[in-house]
Amino acid sequence: MTQDEMKQAVAQAAVEYIRPKLNTDSIVGVGTGSTANCFIDELAKIKHLFDGAVASSEATAERLKSHGIEVYDLNEVNQMDVYIDGADEFDPHLNLVKGGGGALTREKIVAAVAKEFVCIVDSSKQVDILGDFPLPVEVIPMARSYVARELVKLQGVPEYREGFVTDNGNVILDVYDLDILSPKALETKLNNLVGVVTNGLFANRGADVVLMATPEGVETLK
Ligand code: 5RP
């Protein structure tokens, strides 16, 4: 099974997972990335079962709309039962690294609102300890050099994501070589650096369930 086929399989599994939870008032939170895109295409097949979606990026909003799925502003939504999104890495405690696609801030906001966060991945994303994937940090542009110097003090090696601007008008530093042994503490510490909007560690609010595609089938990890 190719990686694309695994993404497709986990997207279908995610739709089956959420289907019993939906009703015609339901709002579905939808993440960003290639796995989330597969999910959106599958979600469109059951669009008659729910009211609409909240998107974690402009790209996701466009894809949802192209399928005729109503996209709501998060401020219009009082309750969201479920948020479905991919990840760049996940560990055995369902802590995540996200933001490879640069949508981490909106993803974290939508995840915070949702009652249940369902993470959809293929098995290449499974690690024992987070940190092989460079940790994305969204930064206010004028704080980029300051935050980079602070990240070096934390033993990280920040790299400016050249030519990339987030949907919020900010920049991304991808931080290599971080020792992520305490994901919750590091998430909080990085968020406390002045000029940081958010970072790609999803540990204080990790996934509630991970659906992981393997060549043998989709596993459910809780
Ligand atoms: C985007 C993300 C994505 O969920 C993450 O990068 C995984 O993407 P893909 O499904 O394409 O591997 O966090 O900001």
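Residues numbered from 1 in each chain as written. Predicted model: local features only at pLDDT ≥ 70, side-chain atom pairs only at ≥ 80, totals over all residues. Heavy atoms only, no water.

- By the naming in an unreviewed UniProt entry, the protein chain goes by Ribose-5-phosphate isomerase A and is assigned to Neptunomonas concharum.
- What the UniProt record of the protein chain gives under Sequence similarities (unreviewed entry) is the line "Belongs to the ribose 5-phosphate isomerase family."
- Quoted verbatim from the Subunit (unreviewed entry) field of the UniProt record, the comment on the protein chain reads "Homodimer." (UniProt positions renumbered as here; feature names shortened; annotations may be inferred.)

### Quick word on the nonpolar core
Okay, step 1: By size, the foremost hydrophobic cluster in this structure holds 29 residues, and its most contacted members are Ile18, Val28, Phe39, Leu43 and Ile84.
Okay, step 2: If you list the elements that add at least two residues to this core, you get helix H1 (3–18), strand E1 (27–30), helix H2 (34–43), strand E2 (52–55), helix H3 (58–66), strand E3 (80–85), strand E6 (114–122) and strand E12 (209–214).
Okay, step 3: When residues in this core are grouped by element, the largest group, seven residues, is from H1.
Okay, step 4: Val147, Leu178, Leu190 and Leu193 belong to the second-largest nonpolar core, a separate cluster that totals 20 residues. (Core = buried A, V, L, I, M, F, W, Y, C linked by side-chain atoms within 4.5 Å. Buried < 20%, exposed > 50% of the residue type's maximum accessible area, 1.4 Å probe, protein only. Helix = DSSP H or I, 4+ residues; strand = E, 2+ residues; numbered from the N terminus.)

### Some remarks on a negative patch on the surface
Okay, step 1: Judged by side-chain charge, Asp25, Asp51, Glu70, Asp73 and Glu76 come together as a negatively charged surface patch.
Okay, step 2: Looking at the secondary structure, you find Glu70 in the loop between H3 and E3. (Patch = residues over 30% accessible without salt bridge, like charges linked within 9 Å, V, L, I, M, F, W, Y side chains within 5 Å. Areas by Shrake-Rupley, 256 points an atom, 1.4 Å probe, with all protein chains shown as cover. Salt bridge = Lys/Arg side-chain N within 4 Å of Asp/Glu carboxyl O. Lys, Arg positive; Asp, Glu negative; His and termini not counted. Charge placed at Lys NZ, Arg CZ, Asp CG, Glu CD.)

### A few points about the pairing of E3
Okay, step 1: Burial analysis of E3 places five of its six residues in the buried class, the great majority of the element.
Okay, step 2: Where E1 lies against E3, three bridges are found, and the strand directions are parallel. Looking at E3, one finds that Val28 is bridged to Val82.
Okay, step 3: Bridge count for E3 against E6 is five bridges, and the pairing is parallel. Looking at E6, one finds that Tyr83 is bridged to Phe117. (Pairing = 2+ DSSP bridges.)

### Remarks on the site of the ligand
Okay, step 1: Near the ligand, the surroundings consist of 16 residues, among which Ser34, Thr35, Asp88, Gly99 and Lys125 are the closest.
Okay, step 2: Take Gly86: an N or O atom from its main chain is 3.3 Å from an oxygen atom of the ligand.
Okay, step 3: Here an oxygen atom of the ligand and a backbone polar atom of Gly102 are 3.4 Å apart.
Okay, step 4: Across the complex, the protein chains shield 91% of the 380 Å² of accessible surface that the ligand would expose by itself.
Okay, step 5: Here the shell around the ligand is composed, by residue class, of two nonpolar, nine polar and five charged. (Near = heavy atom within 4 Å. Polar contact = N/O pair within 3.5 Å; in protein donor to acceptor, adjacent residues only side chain to side chain. Nonpolar A, V, L, I, M, F, W, Y, C, P; charged D, E, K, R; others polar.)

### Points about H1
Three- or four-residue spacings in an α-helix give side chains the same orientation, since the helix completes a turn every 3.6 residues.
Okay, step 1: For H1, with 16 residues, the first-to-last C-alpha span of 23 Å sits near the 22 Å given by 1.5 Å per residue.
Okay, step 2: When H1 is considered as a whole, its buried residues turn out to be Met6, Lys7, Ala9, Val10, Ala11, Ala14, Val15, Tyr17 and Ile18.
Okay, step 3: If you follow the buried residues of H1, they end up packed against E1, H2, E3, E6, E12 and strand E13 (217–221). (Expected span 1.5 Å × (residues − 1). Contact = heavy atoms within 4.5 Å.)

### Re the packing of H2 against H3
Okay, step 1: Where H2 contacts H3, the two axes come as close as 9 Å, and the packing angle between them is 25 degrees. Taken together, the axes of H2 and H3 are roughly parallel relative to one another. Here H2 and H3 pass one another in a crossing that is right-handed. Where H2 abuts H3, its residues Asn37, Ile40, Asp41 and Leu43 lie against Thr60, Arg63 and Leu64.
Okay, step 2: Classifying every residue of the contact of H2 with H3 by side-chain character gives three nonpolar, two polar and two charged. (Axes fitted to C-alpha atoms, helices over the stretch in contact; angles between N-to-C directions. Parallel < 35°, antiparallel > 145°, perpendicular 65-115°, else oblique. Left-handed = near helix turned anticlockwise from the far one by under 90°.)

### Let's talk about unusual backbone geometry
Okay, step 1: Phi at Gln155 takes a positive value of approximately 75 degrees, unusual for a residue other than glycine.
Okay, step 2: Its place among the elements puts Gln155 in the loop between helix H5 (144–153) and strand E8 (157–160).
Okay, step 3: For Gln155, a relative accessible area of 61% corresponds to the exposed category.
Okay, step 4: Positive phi values are uncommon outside glycine, yet Asp177 reaches one of about 65 degrees.
Okay, step 5: Note on placement: Asp177 falls in the loop between strand E9 (171–176) and helix H6 (183–191).

### Let's talk about the packing of aromatic side chains
Okay, step 1: What the rule picks out here adds up to two aromatic pairs.
Okay, step 2: Aromatic pair Tyr83 and Phe117: ring centres 5.1 Å apart, planes at 50 degrees, arrangement tilted. Placement of Tyr83 in strand E3 and of Phe117 in strand E6 is noted, with a sequence separation of 34 residues between them.
Okay, step 3: Assessed through its relative accessible area of 0%, Tyr83 is described here as buried.
Okay, step 4: What makes Phe117 buried here is its relative accessible area of 0%.
Okay, step 5: Their ring planes at 65 degrees and their centres at 6.4 Å tell us that Phe117 and Phe202 sit as a pair that is edge-to-face. One end of the pair, Phe117, is in strand E6; the other, Phe202, is in strand E11 (residues 201–202), with 85 residues separating them in the sequence.
Okay, step 6: Residue class for Phe202 comes out buried when judged on its relative accessible area of 0%.
Okay, step 7: Aromatic rings pair up to connect Tyr83, Phe117 and Phe202 into one cluster.
Okay, step 8: Positioned over the ring face of Phe202 is Lys98, at 5.6 Å from the centre of the ring. (Phe/Tyr/Trp six-rings, centres within 6.5 Å; stacked < 30°, edge-to-face > 60°. Lys NZ or Arg CZ within 6 Å of the ring centre and 35° of its normal.)

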